[in-house]
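Listed here are the chains, written in short residue letters.
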Amino acid sequence: MPLLHPQPPKSGSDSNFRGSVSSTSMPRVDYKDLMSNLHDRVGVLVTLDEDQRNRLEAIDKKLDLLRESNADRMESIKAQQLDFKLRLDSFEHIQRLSRETLDEIKALSRPIRDVSQDGSTGGSYNPSVIDSNRLDSLATLLTSTRLGVRSAQLEVTNLSWKIRAQNKLVQELALLIRNSHNPTGSSHSLPTPDSCEYYELGHDGILKIKLTPTSDSFYVSCEKDWTVILSRTSDDVSFERGWQDYKEGFGNVAGDFFIGLIKLNALTSSALHELRIEMEDYTGVKANATYSLFAIGGESELFPLSLLGKFNASMTDTAGDALSYHAGAKFSTLDNDNDNCLDCNCAMRHKGAGWYINCATSNSFGQHFPERFAEAGETGIFWDTFRGRDYSVKKVRWMIRAIKASDVL
């Protein structure tokens, strides 16, 4: 049987074989470009890591400064508390001496009254029987007691301010510590304050607040922890405006302005507030009126003065109560008359706006005159119980402050 020899492949089939091999071969990788890209990525990561370290170092430094400041402030407050305790002990001692002296005088005066009643002295007595030295001593003790009470009140006020500031710093420190757990600072930041209680976080008395997590933030003017809602110092800003302006607010928060009825309703609805009104005449005499509670209703009710608490008549430099007359009244403007006056428009009469009731005993939103007396037939910014309605005061400012639950209870 003849041997069969394999035939060499044809040239065509050879080329096809090679072509099939080349088509399934691995693509060529440019390792140089790959390493270059990898190097760039590592460089970016190193830069981010360095930036993260710098952020953490800056936070650590600020935390250290806050801790030192916190420790110093706490020591200062402790020393003041000790001094205040000593003052109270001294005050209590003065009170005890006063009571003892009064008891002695009562004991001395009792025989004199007995003698006067039985007629042995003809129905009269000799005041010289009472030791004049003891009376002088009593007068001195009473004066010292009064001064001690005043000093104690001032100490309590100053100490309460410092404690509030200290609490705010502690809260800020806690927020910074919490924020330090997020080194990049991309998803968390310090929350926006919700009141002027955090006034030290502001600048030149201006603070941005946010009442609720879902509400819009806005700027307010703070006088320590009081929120200024109305400021009048000149005639630069006209208050003779319509409903829309008073609804939205107008003026410059850093100067003369009205915060607006919508914001005022939101503020007074967020918590219980007290009201303080300050005014000054053209001779520099200052006066104030303080009310324990203050709130206004919403637009559907025409922004009524729905809550006005007790007037504090015990305040020094009081201007008297000229606002309680307006309690419950709806707000009126030139183009929206809600004043219950059948034959007049109080806003037009007084060229301003306010909570008028046929018409007013105060007019803080009225015309501002450059002199203390309004022009003939006109009314200005007046407060009936302070200089009267014929006198237009130079400055007036309304402020509100949230009342803490502990203060209410």
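A short tour of the structure in this document, coming up. (Residues numbered from 1 in each chain as written. Predicted model: local features only at pLDDT ≥ 70, side-chain atom pairs only at ≥ 80, totals over all residues. Heavy atoms only, no water.)

## A few points about the overall build of the protein
Thinking step 1. Looking only at helices and strands, the protein has seven helices and nine strands in total.
Thinking step 2. Per-residue burial over the protein gives 34% buried out of 409 residues.
Thinking step 3. The contacts of the protein with a sequence gap of at least 6 include a subset with a gap of at least 24, amounting to 58%.
Thinking step 4. Only carbon and sulfur atoms are counted for the fraction: they give 54% of the accessible area of the protein, which is about 25400 Å². (Helix = DSSP H or I, 4+ residues; strand = E, 2+ residues; numbered from the N terminus. Buried < 20%, exposed > 50% of the residue type's maximum accessible area, 1.4 Å probe, protein only. Contact = heavy atoms within 4.5 Å. Areas by Shrake-Rupley, 256 points an atom, 1.4 Å probe, with all protein chains shown as cover.)

## Notes on helix α5 (residues 261–270)
Thinking step 1. Of the residues making up α5, those classed as buried are Leu261, Leu264, Asn265, Leu267 and Thr268. Along the long axis of α5, the arc covered by the buried residues comes to 165°, so they all point the same way. (Arc of directions from axis to C-beta.)

## A few points about unusual backbone geometry
Trans peptide bonds make up most of the peptide bonds, and negative phi angles are found at most residues other than glycine.
Thinking step 1. The linkage connecting Asn358 with the following residue, Cys359, adopts the cis geometry, with an omega of -5°.
Thinking step 2. Inspection of the secondary structure assignment puts Cys359 in the loop between α6 (346–350) and β9 (395–402).
Thinking step 3. Its identity is not glycine, yet Leu302 carries a phi of approximately 70°, on the positive side.
Thinking step 4. As for its position among the elements, Leu302 is in the loop between β7 (286–295) and β8 (307–308).
Thinking step 5. Non-glycine residue Lys351 carries a positive phi angle of around 50°.
Thinking step 6. Checked against the element boundaries, Lys351 lands in the loop between α6 and β9.

## Section: the pairing of strand β3 (residues 226–232)
Put simply, side chains in a regular strand alternate between the two faces of the sheet.
Thinking step 1. Within β3, seven of the seven residues are buried, leaving the element largely enclosed by the surrounding structure.
Thinking step 2. Sheet analysis places strand β2 (residues 218–223) next to β3, joined by three bridges and oriented antiparallel. The partner of Cys222 across the bridge, within β3, is Thr227.
Thinking step 3. In this structure, β3 lies alongside β9, joined through five bridges in antiparallel fashion. Among the inter-strand pairings, Thr227 is bridged to a residue of β9, identified as Ile400. (Pairing = 2+ DSSP bridges.)

## Here's the deal with the state of the cysteines
Thinking step 1. The final tally for this structure, using the stated rule, is three disulfides.
Thinking step 2. Note on cysteine connectivity: Cys196 is disulfide-linked to Cys222, with sulfurs 1.9 Å apart. Judged by the torsion about the S-S bond (-75°), the Cys196/Cys222 disulfide is left-handed. Highlighted residues: Cys196 in the loop between α3 (132–180) and β1 (206–209) and Cys222 in strand β2, separated in sequence by 26 residues.
Thinking step 3. By relative accessible area, which is 0% here, Cys196 ends up buried.
Thinking step 4. Accessibility expressed as a relative area gives 10% for Cys222, which makes it buried.
Thinking step 5. The disulfide bridge from Cys346 ends at Cys359, spanning 2.0 Å between sulfur atoms. (Disulfide = S-S within 2.5 Å.)

## Details of the pairing of β7
Thinking step 1. Across the ten residues that make up β7, a large majority, seven, are buried.
Thinking step 2. Here strand β6 (residues 273–280) runs beside β7; their pairing, made up of seven bridges, is antiparallel. Within the sheet, the bridge partner assigned to His273 lies in β7 and is Phe294.
Thinking step 3. In this structure, the hairpin formed by β6 and β7 is closed by a connection of five residues, where Gly284 is found at a positive phi of approximately 90°.

## Quick notes on the pattern of salt bridges
Thinking step 1. In the structure shown here, the tally under the stated rule is ten salt bridges.
Thinking step 2. Between Arg401 and Asp225 there is a salt bridge whose closest N-O contact spans 3.4 Å. Of this pair, Arg401 sits in strand β9 while Asp225 sits in the loop between β2 and β3, and the two are 176 residues apart along the sequence. Per residue, the accessibility class of Arg401 equals that of Asp225, and both read buried. (Salt bridge = Lys/Arg side-chain N within 4 Å of Asp/Glu carboxyl O.)

These figures capture arrangement, not role.
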